[in-house]
Amino acid sequence: MSEFPDSARQPRRRTAATGLRHRLAELRGPDHPPRPLDARALAALAANPGCRRRALLDGAGVDKARIADALGSPSSFGQSQFALARGNVFEARVKSDGGSELLGLVHARVDGVAPEPTPDLVRAPDLSAIGPEGRTARTALALREAVESPGTWTFLDHPMLALDVAGSPAFLEPDAVVVHPDGSWTVVEIKSFPMIDGAADASKVGAAARQSAVYVLALEEVAARMPDAGVRVRDRIVLVCPKNFSNLPAASAVDVRKQRSVTRRQLERLTRVEDIAAALPPGTVFDPELPPAELTAAVESVPATYAPECLAACELAFHCRDHAREEGAVTALGRPLRAELGSLTTVDEVLAAAHGETGDPADPTVAALRRAAQLRDEALGGARC
Ligand code: SF4
């Protein structure tokens with residue numbers, strides 16, 4: 001047991017948190033408000049936990065799209081304005097009746113044994129509050145009140161949840177959370193891509209599942225803070241999409257157990273933001289208004305682990321790809337190949353090992369490369385790669 005009571009530890013924790021906030025504000029540069037991390041960004045961050053560059057820039061709330069523009073490698077990543085507008089219109093349509101249609105879909109897809117969500121059984125508390133911390137506290141209170149009202153359905157429209165990511169808090173806003181009559185919680189994700197004959201594009205469903213898994217993890221943290229209530233966060237989320245290109249909603253239950261455990265493991269592997277910041281050269285700032293050479297030096301001072309998957313997940317992908325290619329890094333060729341090559345990290349090292357100039361012949365990777373080079377030479381009549 002600690003010699004310090006909790007009340008004595010609190011101010012020290014607050015001081016550390018304030019110090020970190022100041023340090024992160026310095027890294028963003030003056031007059032740049034933090035860009036909040038959303039679940040989509042968190043799922044992408046969890047997909048590349050070895051990338052310190054992304055962990056630091058996301059943790060500090062740096063606007064990576066502006067940095068990419070300033071570096072001359074604008075990103076093609078992100079949703080189009082048209083898709084965003086279409087998604088907002090569909091979401092408003094699905095929730096327009098106070099959530100009763102949406103609750104009907106949740107009842108039908110994941111909780112058919114519960115009483116139907118008739119208007120007398122439905123609660124929809126107001127979740128408005130000041131600032132993300134206030135909204136997070138209001139959501140936690142609404143969830144507790146819902147659990148203490150068994151037999152009713154509670155519809156939480158755009159609740160706010162907090163999740164600790166590499167030592168800094170991320171505030172997350174699911175489309176909706178439903179509290180069932182048995183007190184369990186379900187995440188509802190509303191998307192604008194169509195569900196045709198009950199099935200949607202598998203890659204888009206996968207992305208929605210990864211995003212929802214982040215919400216499930218954040219809800220589990222809320223549930224852990226009310227152990228007396230014995231809350232169960234359901235591991236099947238409800239995905240709502242337009243039905244067959246109409247604006248009528250269709251829903252399906254998606255099991256996110258695998259995505260939840262992968263994301264949890266990956267988020268735990270992230271290096272703490274303050275540790276990455278401590279290793280930076282003094283005076284490093286990620287201000288998009290810096291001259292390009294200074295900004296490039298700042299970005300390059302943080303190690304990155306580029307992989308082709310970054311192209312679909314990170315605003316800095318073109319910049320990192322160019323640098324990975326310049327360095328001849330094998331990560332640019334894809335993670336599976338990188339894993340096969342063991343300690344050989346550049347194309348030059350791989351070629352030298354394949355041609356017998358370096359490497360231990362007893363190493364299975366080196367032996368396989370030499371065999372491949374020999375077969376290639378034979379096939380091409382002695383021409384060398
Ligand atoms: S694009 Fe660059 S910063 Fe973004 S995740 Fe990939 S390596 Fe990291």
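Basis of the calculations
Residues numbered from 1 in each chain as written. Predicted model: local features only at pLDDT ≥ 70, side-chain atom pairs only at ≥ 80, totals over all residues. Heavy atoms only, no water. Domains from an automatic or database assignment. Core = buried A, V, L, I, M, F, W, Y, C linked by side-chain atoms within 4.5 Å. Buried < 20%, exposed > 50% of the residue type's maximum accessible area, 1.4 Å probe, protein only. Helix = DSSP H or I, 4+ residues; strand = E, 2+ residues; numbered from the N terminus. Near = heavy atom within 4 Å. Nonpolar A, V, L, I, M, F, W, Y, C, P; charged D, E, K, R; others polar.

### Quick look at the domain arrangement of the protein
Often, the extent of an interface is quoted as the loss of accessible area upon association of its parts.
Phase 1 of the analysis: Entries for the protein in the domain assignment read domain 1 (81-268) and domain 2 (341-379).
Phase 2 of the analysis: Between the C-alpha centres of domain 1 and domain 2 there is a distance of 51 Å.

### What about the nonpolar core?
Phase 1 of the analysis: Counting 76 residues, the largest nonpolar core has Leu42, Leu56, Leu143, Trp185, Leu239 and Phe286 as the members making the most contacts within it.
Phase 2 of the analysis: Looking at this core, the element that brings in the most residues is helix 8 (residues 202-224), giving 12 residues.
Phase 3 of the analysis: Of all hydrophobic cores here, the second largest spans 17 residues; its members include Val94, Leu105, Val110 and Val238.

### Structural notes on helix 3 (residues 52-59)
Phase 1 of the analysis: In terms of burial, helix 3 is largely enclosed, as 7 of its 8 residues are buried.
Phase 2 of the analysis: Just beyond helix 3, the residue with positive phi is Gly61, at close to 75°.

### A short note on the site of the ligand
Phase 1 of the analysis: As a structural note, the neighbourhood of the ligand is formed by Asn48, Cys51, Arg53, Arg54, Ala304, Thr305, Tyr306, Cys310, Cys314, Leu316, Ala317 and Cys320.
Phase 2 of the analysis: Breaking the shell around the ligand down by element, the ones donating at least two residues are helix 3 and helix 12 (317-326).
Phase 3 of the analysis: Classifying every residue of the shell around the ligand gives 8 nonpolar, 2 polar and 2 charged.

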